[in-house]
Number of protein chains: 2
Amino acid sequence: MDEAPARRITIVDVARHAQVSTTAVSKVLRNAYGVSPKMQAKVRQAISELGYRPNASARGLRGRTYTIGVMLPDIRNPFFAEVLDGLTGRIAGTEYQVLLGPGCNGEDAEARVIHAMIDRGMDGLILIAPISARAHLERVAALVPTVVVGRHGHSHTYDTVADDDLTGAALVVNHLADLGHRRIAHIEHHESTPDCLAEMPNAIRAEGYRRAMRARGLADGIDIASTTYTQEGGYLGAKQLLARPVRPTAIFAGADIVAMGALDAIAEAGLSVPTDISIAGYDNTTFAAFRPISLTSVDQAGHEIGANAARLLLDRIADRSRPTAQVKLSPTLVVRRTTAPPPA
Amino acid sequence: MDEAPARRITIVDVARHAQVSTTAVSKVLRNAYGVSPKMQAKVRQAISELGYRPNASARGLRGRTYTIGVMLPDIRNPFFAEVLDGLTGRIAGTEYQVLLGPGCNGEDAEARVIHAMIDRGMDGLILIAPISARAHLERVAALVPTVVVGRHGHSHTYDTVADDDLTGAALVVNHLADLGHRRIAHIEHHESTPDCLAEMPNAIRAEGYRRAMRARGLADGIDIASTTYTQEGGYLGAKQLLARPVRPTAIFAGADIVAMGALDAIAEAGLSVPTDISIAGYDNTTFAAFRPISLTSVDQAGHEIGANAARLLLDRIADRSRPTAQVKLSPTLVVRRTTAPPPA
DNA sequence: AAACATTTGGGAAACGTTACCCACTCCGAT
DNA sequence: ATCGGAGTGGGTAACGTTTCCCAAATGTTT
């Protein structure tokens, strides 16, 4: 009749079993100062004999929960998977556990997830490409150590990791211009929240595109379709661009997913890539690399971004008063089969 | 000089501000029985004036954390994104928050994530396509309400939601046979953990394939390449199949991601789809629907699966002694451009 | 041998919430 | 009048840890 409700083993059970105080067990758990090797051994043995696991809620009430929260805006974007890999790789082996706050569309949902994580006593937060107003991010970071990924701009309360989107956009423009293109259009993500406009990667990419075009003397070829960073947005943006009196000979999509939609629209228009029109994306996701697509794309080194974010967060948890850091990583261009010289 | 360390508002602050007891506040928070409308109003006002948010750790210590943990094995598989959408859609609007336990490769990593969620006092767990031994799942479910998604087989401790993979495989085989194919090969995921073999969807799909082939009198055409459910696995599996003395005229890939890899190998062999060879996948992911690919695939209704899992979990949290349920959803076939009659 | 520092172990009070109980008021029914 | 029950509100002890202290034991210097 072991119908007992199977109470979970607590630190008290361990202490009793090892014939020491709960304080001693706690110290061993945290390898705190002031425990003899003998005590260590005794307690560790009791822990493993009983299969004890500390209760995170109880720990959280007194201090840390050993949990890091990651806000992930779009689980479908394979680029974020890349970032996540880098991130978890860096956290694995530490005493921390990563938990993800999923899918938020819109600023309200994002705020809800972030606060849910704070409520749950997360020791640190990594916010991937948040759309919240900057002031809100500052407020969050004042509450809990925070690293913001993918937003440009300098803060004194949180660390940032971002790709150098200005350079990335220039890589694409220069590549296309070198191939002989002059009318290179761009599909951008339209920013709905103006107060963080200058910080968003999409805005920077668009700006980088404009600057690079002008630098190459192609100011006349500047042509921007303003939609969103989604497949749908790419489809609509490309449709719009293809309807121009003089059609662009190349499209720089602000994200791979946008390029996917654009490819769709191009096929629908009966044009072929890259013979009739070249297209390039941004993010170098798995699907850009996928052979039937073979999309020319900018590689952001998502893995590195994630690893850096994790490192910064661990550092900040260790020392909250450390001055903030801004890591900017250089992208590279991966040329594949969707870009070629323009039709003669 | 507001350099105060900004202590978080607690239930005590709310009680003091509303001039009531903490018990009363707690009751309002949980809409417990025995609070007058006047009390309700008073407390709610105090809560919003102070911007109070309950501390989940403290709650967890006494009872529930209002958190549901979802174990997601592979963040890159867009099918899981679908499931997640259905799931969060069903949870949104309740008092619960969903947190994801990310990417685990291998049984050990999976167990680690699951236990991390239990340690953190999750009120319920949804395990998506777990690879753990059945006994382990039973042990987990004894500790916390659990729903297992994508595993077949009946349990008395956890609820299950799964697709009818037997039928799904038959749909593909019959479709291809109707088109005139006789040599229909299959790429399966090789099961490394034999103790749960019969429960895994991949095994069921392979079995469904065999049965359907025999049922159509195509037993001679049965040909299975055993790799893994990854793009790489699809590539290798297809390469293997294409090297056969008599080449199959159609390939049924056990998952869309496998079909992606297979398409790659087919292109590399200089064959074209569907003229030279037909190919079908399973899962109907976003990328199967993506026009340049247009993969014929089995739709599992991931959204429904997720929604059902969430519903079952909420029910079980409400009543842990309720008998377990097994939901089995019927898949449908989505015919696109990668399947056609075999070459003459 | 005395005085002092260092190491080692434990007692007890938090942390923020909930659950269990009990007390009080106000009814209507006896 | 008395009783019983329903409706409200609050006091208090948990929940499982950590942290702050203090005490005892041990070592080290005068």
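Attention here is on the structure that accompanies the text. Everything numeric here is computed off the predicted structure, so don't read it as measured data.

Looking at the sheet that holds strand β7 (residues 223-227) of chain A
Residues and elements named next belong to chain A.
At step 1: Spatial strand order, β7-β6-β8-β9-β10-β12: six strands in an open sheet with mixed pairing. Lying at the two open borders of the sheet, with one neighbouring strand each, are β7 and β12 (332-334). Taken pair by pair, the neighbouring strands of this sheet meet at an average axis angle of 20°, ignoring direction.
At step 2: Taken together, the three bridges between strand β9 (residues 278-282) and strand β10 (residues 296-299) define a ladder with parallel strand orientation. Residue pairing in the sheet places A280 in a bridge with T296 of β10.
At step 3: Its contacts with the sheet put helix α8 (residues 165-179) on β6 (184-189), β8 (250-253), β9, β10 and β12, and the angle it makes with β9 is roughly 165°.

Remarks on the protein's contact with DNA strand D
At step 1: If you check the shell around DNA strand D, you find 25 residues, and the closest are I11(A), S26(A), R30(A), Y52(A) and Y33(B).
At step 2: Here, DNA strand D places atoms within 4 Å of the protein, and 61% of those atoms are sugar or phosphate.
At step 3: S36(B) is positioned such that a nitrogen or oxygen atom in its side chain is 3.0 Å from a phosphate oxygen of DNA strand D.
At step 4: Elements supplying a minimum of two residues to the surface near DNA strand D: α2 (22-29) and α4 (56-62) of chain A together with α2 (22-29) and α4 (56-62) of chain B.

Re the sheet that holds strand β7 (residues 223-227) of chain B
All names here are of chain B.
At step 1: The six strands lie next to each other as β7-β6-β8-β9-β10-β12, forming an open sheet whose pairing is mixed. Looking at the sheet topology across the chains shown, the edges are occupied by β7 and β12 (332-334). Across the sheet, the mean angle separating the axes of adjacent strands is 20° when strand polarity is ignored.
At step 2: Pairing geometry for strand β6 (residues 184-189) and β7, over five bridges, is parallel. Residue pairing for β7: E188 is matched across the bridge by S226.
At step 3: Sheet strands touched by helix α11 (residues 256-268): β6, β8 (250-253), β9 (278-282) and β10 (296-299). Its angle to β9, the strand with the most contacts, is close to 155°.

Describing the nonpolar core
At step 1: Ranked by internal contacts, the top residues of the largest apolar core, which has 58 residues, are I126(A), L87(B), I126(B) and I128(B).
At step 2: Among all residues touching I126(B), those that are not within four sequence positions of it are G69(B), V70(B), M71(B), L87(B), V147(B), V149(B), A309(B), A310(B) and L313(B).
At step 3: Within the second largest apolar cluster, 50 residues are counted, among which are L241(A), I187(B), M260(B) and I279(B).

Observations concerning the side chain of S294(B)
At step 1: Its place among the elements puts S294(B) in the loop between α12 (286-289) and β10.
At step 2: A residue is classified by how much of its surface remains accessible, and S294(B), at 6% relative accessible area, is buried.

Quick notes on the rules
- Residues numbered from 1 in each chain as written.
- Chains lettered and ligands numbered in written order.
- Predicted model: local features only at pLDDT ≥ 70, side-chain atom pairs only at ≥ 80, totals over all residues.
- Heavy atoms only, no water.
- Pairing = 2+ DSSP bridges.
- Helix = DSSP H or I, 4+ residues; strand = E, 2+ residues; numbered from the N terminus.
- Axes fitted to C-alpha atoms, helices over the stretch in contact; angles between N-to-C directions.
- Contact = heavy atoms within 4.5 Å.
- Near = heavy atom within 4 Å.
- Polar contact = N/O pair within 3.5 Å; in protein donor to acceptor, adjacent residues only side chain to side chain.
- Core = buried A, V, L, I, M, F, W, Y, C linked by side-chain atoms within 4.5 Å.
- Buried < 20%, exposed > 50% of the residue type's maximum accessible area, 1.4 Å probe, protein only.

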